[in-house]
Amino acid sequence: MSNQILFLPCAAGVEAWLADEVQRIIERGVGADQARVHGQRGGVAVEVSFDAALDLTMQLNLESRLAQRVLWEMAYGPYRDEHDLYDLARQARWSDWVTPRETLRVDVTSQRSPLKSLNFAALRVKDAVCDAMRDDFGERPSVDTHRPDLPLVLHLAPEYATLYADTSGEALFKRGWREDKGEAPLKETLAAAMLAAAGWHGRPEDGALLDPCCGAGTIAIEAAQVACDIAPGLQRRFAFERWLPFRDERSTWYALKDAARARVRAAEVPIYAGDVAFRLTDFATRNAERAGVLRAIDLKTADALQRMPPCEHGTLMLNPPYGERIGPKGTQSSRDEAPQDFFQRLSAHWKRHYAGWTAWVLSPDLKLPTAMRLKESRRIPMWNGPIECRFFRFDLVSGSMRSDAAEAPEPEQG
């Protein structure tokens, strides 16, 4: 039997870290010793035998923190029109995967496709699957646009089309623990990418981690799960669990989850988080409890402009907020505070009290270092959904009291 292709899409700029993660998962797993990993634009492809692909699909869904989904290639070939897409979709043996009792949905992505209607392309693929099922079973499956049993993804390049089955179902950033959200919650996959980019893996040598503007707690919770070696997919379900080939692999699936639970450990590095808003630290506390890491995080309601370092040195990591969350606790004018003023005061506070720490800040403002009056040592392009951002690294050193005072007055304690 020919090799199977799995494709794991990710956010732009994350491909190299995802390739490393996939390689580690393969080395930790079973039955995929001969898998070949290929990083490419927009994700990572894995070539592996069919039998090993079943096990690896389960492992990747359970373990990957950086991938958006795990896609199973069903068909690939050239196309000129929608009729070619119909023929392409008929190549797969759909009756080996689902029965007419299961539902399906077809989503389409395009990169300079010559076709005029992506909706019609999706319709022709749906027709091909339904016609194949009717030929084999005498009846057609139904379409479910919300929670299909068999989600399909058709990717159209200028000349070639690839049809995937989405083994994940819901996107992998949905870990299963988030119920309480802030105004603009950070996706768990992006938080994991920030940790990977900073080289923070929850080891003692990585040192403490502090998010002083934690919102609903995504960065701290993701860091705590890394430190405790909690598989990100342990608390959710996946589309592949309803497919015929994987029903025969249930014992393997249960064994993989049991092994993941057995390796969970206590964090060996301190993780701190907080926010100026009581409501958000309450959200973060409840989320951390559902994620199984509440004991691993020291959470408190505190103003980032006043919070003192919890230990001698470590890593600051934050996705800075705007609006009501940036003002000092208890003030009435926080909505009127300009972001630039907040960042100047924050950097002055850091230079006074956080010398020796490393700060990583995610921001869509390319001029953030100027606003903070700090010189970045690295700037890494990252995408927060459709928003192009930079992940800045600042190596903090103590500034002179005179220059700090000139930059921004320190708020009074109390």
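Everything that follows concerns the structure shown earlier in this document.
Residues numbered from 1 in each chain as written. Predicted model: local features only at pLDDT ≥ 70, side-chain atom pairs only at ≥ 80, totals over all residues. Heavy atoms only, no water.

Draft legend 1. Region of the structure containing the packing of aromatic side chains. A complete count under the given rule lists 16 aromatic pairs for this structure. Taken together, a centroid distance of 5.9 Å and an interplanar angle of 80° make the contact between Trp 97 and Trp 243 edge-to-face. In this pair, Trp 97 sits in the loop between helix H3 (82–89) and strand S5 (103–110) while Trp 243 sits in the loop between helix H6 (218–227) and helix H7 (244–247), placing the two residues 146 residues apart along the sequence. Residue classification places Trp 97 among the buried residues on the basis of a relative accessible area of 8%. Accessibility expressed as a relative area gives 0% for Trp 243, which makes it buried. An aromatic cluster is defined as three or more aromatic residues linked by ring pairs; in this entry it consists of Phe 50, Trp 72, Trp 97, Phe 238, Phe 240, Trp 243, Phe 246 and Trp 253. (Phe/Tyr/Trp six-rings, centres within 6.5 Å; stacked < 30°, edge-to-face > 60°. Helix = DSSP H or I, 4+ residues; strand = E, 2+ residues; numbered from the N terminus. Buried < 20%, exposed > 50% of the residue type's maximum accessible area, 1.4 Å probe, protein only.)

Draft legend 2. Representation of the packing of H3 against helix H4 (residues 118–137). The contact between H3 and H4 brings their axes to 8 Å, and the two run at 35°. By crossing handedness, the relation of H3 to H4 is classed as right-handed. Facing H3, whose interface residues are Glu 82, His 83, Leu 85, Tyr 86 and Ala 89, H4 presents Phe 120, Ala 121, Arg 124, Val 125, Asp 127, Ala 128 and Asp 131. (Axes fitted to C-alpha atoms, helices over the stretch in contact; angles between N-to-C directions. Left-handed = near helix turned anticlockwise from the far one by under 90°. Contact = heavy atoms within 4.5 Å.)

Draft legend 3. View of the sheet that holds strand S8 (residues 160–166). Pairing is mixed in the open sheet, where eight strands are placed in the order S2-S3-S1-S4-S8-S7-S5-S6. One side of each edge strand has no neighbouring strand; the edge strands of this open sheet are strand S2 (36–40) and strand S6 (142–143). The sheet contact formed by S5 and strand S7 (residues 150–156) spans seven bridges and is parallel. The partner of Val 106 across the bridge, within S7, is Leu 152. Seen against the sheet, helix H2 (residues 50–63) touches strand S1 (4–9), strand S3 (43–48) and strand S4 (71–78) and runs at an angle of roughly 20° to S1. In the packing of H4 onto the sheet, contacts are made with S5, S6, S7 and S8, and the angle to S5 comes to roughly 145°. (Pairing = 2+ DSSP bridges.)

Draft legend 4. Fine view of the environment of Lys 257. Considering the arrangement of structural elements, one finds Lys 257 in helix H8 (residues 250–262). Each C-alpha atom, one on Lys 257 and one on Gly 233, is 9.0 Å from the other, the two residues being 24 residues apart in sequence. Excluding residues within four positions of it along the chain, Lys 257 makes contact with Leu 62 and Leu 234.

Draft legend 5. Representation of the sheet that holds strand S10 (residues 271–275) within the structure. Strand order across the open sheet formed by seven strands is S11-S10-S9-S12-S13-S15-S14, with mixed pairing between neighbours. The two strands at the open ends of the sheet, each matched to only one other strand, are strand S11 (297–301) and strand S14 (378–384). With strand direction ignored, the average angle separating the axes of adjacent strands in the sheet is 20°. Summarising the sheet, strand S9 (residues 208–211) and S10 pair through three bridges and their orientation is parallel. Bridge pairing in S10 places Leu 210 opposite Tyr 272.

Draft legend 6. Representation of the side chain of Glu 15 in the model. Mapped onto the secondary structure, Glu 15 falls in helix H1 (residues 15–28). Although buried, Glu 15 forms no salt bridge, and the nearest oppositely charged side chain, Arg 41, lies 6.3 Å from it. A polar atom in the side chain of Glu 15 sits 3.0 Å from the backbone nitrogen of Gly 13. What Glu 15 contacts, discounting residues up to four positions off in sequence, is Cys 10, Gln 40, Arg 41, Gly 42, Gly 43 and Val 44. (Lys, Arg positive; Asp, Glu negative; His and termini not counted. Salt bridge = Lys/Arg side-chain N within 4 Å of Asp/Glu carboxyl O. Polar contact = N/O pair within 3.5 Å; in protein donor to acceptor, adjacent residues only side chain to side chain.)

Draft legend 7. Spatial organisation of the pattern of salt bridges. One pass over the full model with this rule turns up 31 salt bridges. The closest approach of N and O atoms between Arg 290 and Glu 179, which form a salt bridge, is 3.7 Å. Within this pair, whereas Arg 290 is found in helix H9 (residues 278–290), its partner Glu 179 is found in the loop between S8 and helix H5 (188–198), the two being separated by 111 residues in sequence.

Draft legend 8. Broad picture of the environment of Asp 136. Here Asp 136 is to be found in helix H4. A C-alpha to C-alpha distance of 9.7 Å links Asp 136 and Arg 93, two positions 43 residues apart in sequence. In this structure the side chain of Asp 136 is engaged in a polar contact, spanning 2.9 Å, whose partner is the side chain of Ser 95.

Draft legend 9. The arrangement of unusual backbone geometry in detail. Even without being a glycine, Arg 112 presents a positive backbone phi close to 60°. Looking at where Arg 112 falls in the secondary structure, it is placed in the loop between S5 and H4.

Draft legend 10. Layout of H5. With 10 of 11 residues buried, H5 is to be regarded as a mostly interior element. Gly 199 sits one or two residues past H5 and shows a positive phi near 70°.

Draft legend 11. Local environment of the pairing of S10. In terms of burial, S10 is largely enclosed, as five of its five residues are buried. Burial along S10 is two-sided: Ile 271, Ala 273 and Asp 275 and Tyr 272 and Gly 274, pointing in opposite directions, are all buried. The pairing of S10 with S11 spans five bridges and is parallel. Paired with Asp 275 across the two strands is Thr 301, which belongs to S11. Each parallel crossover has a hand, and the one from S10 via H9 to S11 is right-handed. (Right-handed = clockwise from strand over helix to strand, strands pointing away.)

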